[in-house]
Amino acid sequence: MSSEVASRPVNRRAEIAFGIRLSLPAGLGMFPIGIAFGLLVIQYGLPWWMAPALSIAVFAGSVELLLIGLIAAATPLATIALTTLLVNFRHVFYAFSFPLHVVKNPLARAYSVYALIDEAYAITAVNPRGWNGWRLLATQIAFQVYWVSGGLVGVLFASALPGPVEGLEFALCALFVTLTLDACRSRKEIPSLVMALACFGGALLLVPDSALFVGMLLFVAALAVRFLLTRKGAPDHG
Amino acid sequence: MVELDPWYVAGALAIAFAITLSLRALPFAVLKPLRKSRLVMAMGLWMPVGILAILAASTFVSTASVDWATVAKAVVAVAVTAAVHLWCGRRTLLSIGLGTLTFVALVNLL
């Protein structure tokens, strides 16, 4: 939809407007999940400012949602570090196709890297051409505005409720169930899925208090073994 | 309200910030060797579904591990979430909304 724009001189206002327009479809999803995120912050008994604090310090939706529960339970920092590392590991692959080169200003570049969330990657993957600094920054800033303001609306809404809604924290489980289903598109994913659940199940039996940490470690170790065993006929689609 | 040690919160935020930013920034600096690393590529292919499944299982345990009746309610809610997601066009918000509504209703009404 935008391949011809790159050859024209950049019209700043039009580019910003177009960047915001590109952000809207994903924003329609981010805003309500932001509200749920804000609700959960209050539900877990955390102060309201944890919602914007997490969305500014971390700015990665799924990890933020997890961190609410982990921080409320005073989970050891090592578990928080490993969880963040493994959940956000996918970001390592976004650099391969993200058009960071169109952003020239060093500060703007830094923001663009910091704000390289799933939605930003997805939108540049779907519209690979025509990006320039103004448009990309506008899209990314709009994403953060949707997310932070959604969180604030959720916090406000939860504060207006007479008491916590019992069972609301299931939203987190539901979110990860849908994400797992989305990641599991073909039969090729089944071995990883089975290995992961076995590792977590084992960790839950052996060390119930740190099952998340140990389960993830076991899973990564199991994948390393799998890599060594299959190296000769290694994944050709990689 | 949970009693929070400000240093603990600051530490948690700083760690999550540093790790997330590094994961986003490092590949731009060391793109070429990473692109060739078969281990990294294999991990990128295999890890997401497993990590997400562990997170789903872990959040399930922390939500449901009250008693067996709650486990049963959570199983029903997971089934609703997955069924809506697979058969109503993978609309994440709809799936999460109906799944959560199911669980909230079961917990509060039964």
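The rules we used
- Residues numbered from 1 in each chain as written.
- Chains lettered and ligands numbered in written order.
- Predicted model: local features only at pLDDT ≥ 70, side-chain atom pairs only at ≥ 80, totals over all residues.
- Heavy atoms only, no water.
- Helix = DSSP H or I, 4+ residues; strand = E, 2+ residues; numbered from the N terminus.
- Rg over C-alpha atoms; globule rule 2.2 N^0.38 Å.
- Buried < 20%, exposed > 50% of the residue type's maximum accessible area, 1.4 Å probe, protein only.
- Contact = heavy atoms within 4.5 Å.
- Areas by Shrake-Rupley, 256 points an atom, 1.4 Å probe, with all protein chains shown as cover.
- Core = buried A, V, L, I, M, F, W, Y, C linked by side-chain atoms within 4.5 Å.
- Arc of directions from axis to C-beta.
- Axes fitted to C-alpha atoms, helices over the stretch in contact; angles between N-to-C directions.
- Parallel < 35°, antiparallel > 145°, perpendicular 65-115°, else oblique.
- Left-handed = near helix turned anticlockwise from the far one by under 90°.
- Buried area = accessible area lost by both parts, 1.4 Å probe.
- Salt bridge = Lys/Arg side-chain N within 4 Å of Asp/Glu carboxyl O.
- Polar contact = N/O pair within 3.5 Å; in protein donor to acceptor, adjacent residues only side chain to side chain.
- UniProt positions renumbered as here; feature names shortened; annotations may be inferred.
- Disulfide = S-S within 2.5 Å.

Visitor: What should I look at first to understand the overall build of chain B in this one?
Guide: Check the secondary structure of chain B and you find five helices and zero strands. Seen in sequence order, chain B has helices and strands lined up from the N terminus as α-α-α-α-α. Taking 110 residues into account, the globule formula puts the C-alpha radius of gyration at 13 Å, and chain B, at 19 Å, lies well above it. Expressed along its principal axes, the backbone C-alpha trace of chain B runs to roughly 55 × 40 × 25 Å. Counting every position in chain B, which comprises 110 residues, the buried fraction comes to 44%. Partitioning the intrachain contacts of chain B with sequence separation of at least 6 by distance along the chain shows that 31% fall at a separation of at least 24. Carbon together with sulfur atoms contributes 73% to the accessible area of chain B, which is approximately 5,700 Å² in total.

Visitor: In this structure, what is going on with the nonpolar core? I would like to understand it.
Guide: Burial of nonpolar side chains together is a common tendency in soluble globular proteins. Among the nonpolar cores identified, the biggest contains 96 residues, and Leu67(A), Ile71(A) and Met216(A) are the most heavily contacted of them. Considering each element in turn, this core owes the most residues, twelve residues, to helix α3 (residues 38-64) of chain B. With near-sequence residues (within four places) excluded, Ile71(A) lies in contact with Leu46(A), Met50(A), Ile80(A), Leu4(B), Tyr8(B), Val9(B) and Ala12(B).

Visitor: Explain helix α6 (residues 118-126) of chain A to me, please; I cannot follow it from the model alone.
Guide: Three or four residues apart is the spacing at which side chains of an α-helix point the same way, because the helix has 3.6 residues per turn. Residues and elements named next belong to chain A. Buried within α6 we find Ala-120, Ile-123 and Thr-124. An end-on view of α6 places all buried positions within 95° of arc, on one side of the element. Close packing links the buried residues of α6 with α1 (12-43) and α7 (133-160).

Visitor: Whenever I open this one, the packing of helix α8 (residues 170-183) of chain A against α3(B) confuses me. Can you help?
Guide: In helix packing, the relevant descriptors are the interaxial angle and the interaxial distance, both defined with respect to the helix axes. Contact geometry of α8(A) with α3(B) gives a least axis separation of 8 Å together with a crossing angle of 160°. Judged by the inter-axis angle, α8(A) sits roughly antiparallel to α3(B). Relative to α3(B), α8(A) is oriented so that their crossing is left-handed. Of the residues in α3(B), those in contact with Phe170(A), Leu172(A), Cys173(A), Phe176(A), Val177(A), Leu179(A), Thr180(A) and Ala183(A) of α8(A) are Val49(B), Leu52(B), Ala53(B), Leu55(B), Ala56(B), Thr59(B), Phe60(B) and Thr63(B).

Visitor: Please explain the interface of chain B and chain A as it appears in this structure.
Guide: Interfaces are often sized by the amount of accessible area the parts lose when they come together. Counting from both sides, the interface comprises 64 residues of chain B and, opposite them, 86 residues of chain A. Carbon and sulfur atoms supply 81% of the area that chain B and chain A bury against each other, a total of about 6,800 Å² over both sides. Linking chain B with chain A are one salt bridge, by the criterion used here. The interface formed by chain B and chain A contains twelve residue pairs in polar contact (both at pLDDT 80 or more).

Visitor: Which parts of the structure should I look at to understand the pattern of salt bridges?
Guide: Where side chains of opposite charge bring their charged atoms close, a pairing between them can arise. Taken as a whole and assessed by the stated rule, the structure comprises two salt bridges over all chains. Notably, a salt bridge pairs Glu15(A) with Arg135(A), separated by 2.8 Å at the nearest N-O pair. One end of the pair, Glu15(A), is in helix α1; the other, Arg135(A), is in helix α7, and 120 residues separate them in sequence. Like Glu15(A), the residue Arg135(A) is buried in the burial classification. Among the ionic pairs, Arg90(B) bridges to Asp182(A), the shortest N-O distance being 2.9 Å. Here the residue Arg90(B) occupies a position in the loop between α4 (68-87) and α5 (92-109), and Asp182(A) occupies one in helix α8, the pair thus bridging two chains. Note on Arg90(B): relative accessible area 27%, which makes it partly exposed.

Visitor: How do you make sense of the UniProt feature "transmembrane region" (unreviewed entry) in chain B when you look at a structure like this?
Guide: Residue and element names in this part refer to chain B. As annotated by UniProt and renumbered to match this structure, "transmembrane region" (unreviewed entry) occupies residues 6-27, 39-62, 68-87 and 92-109. For residues 39-62, helix accounts for 100% and strand for 0%, while the C-alpha atoms at its two ends are 33 Å apart. Here residues 68-87 is 100% helix and 0% strand, with 28 Å between the C-alpha atoms at its ends.

Visitor: Where do I start with the state of the cysteines in this structure?
Guide: Here, the word disulfide means a covalent bond between the sulfur atoms of two cysteines. Residue and element names in this part refer to chain A. Summed over all chains, the structure comprises zero disulfides over all chains. Cys-184 supplies the cysteine sulfur nearest to Cys-173, a cysteine that is in no disulfide, at a spacing of 16 Å. Residue class for Cys-173 comes out buried when judged on its relative accessible area of 1%. Considering cysteine sulfurs only, Cys-199 is the nearest to Cys-184, which forms no disulfide, with 16 Å between them.

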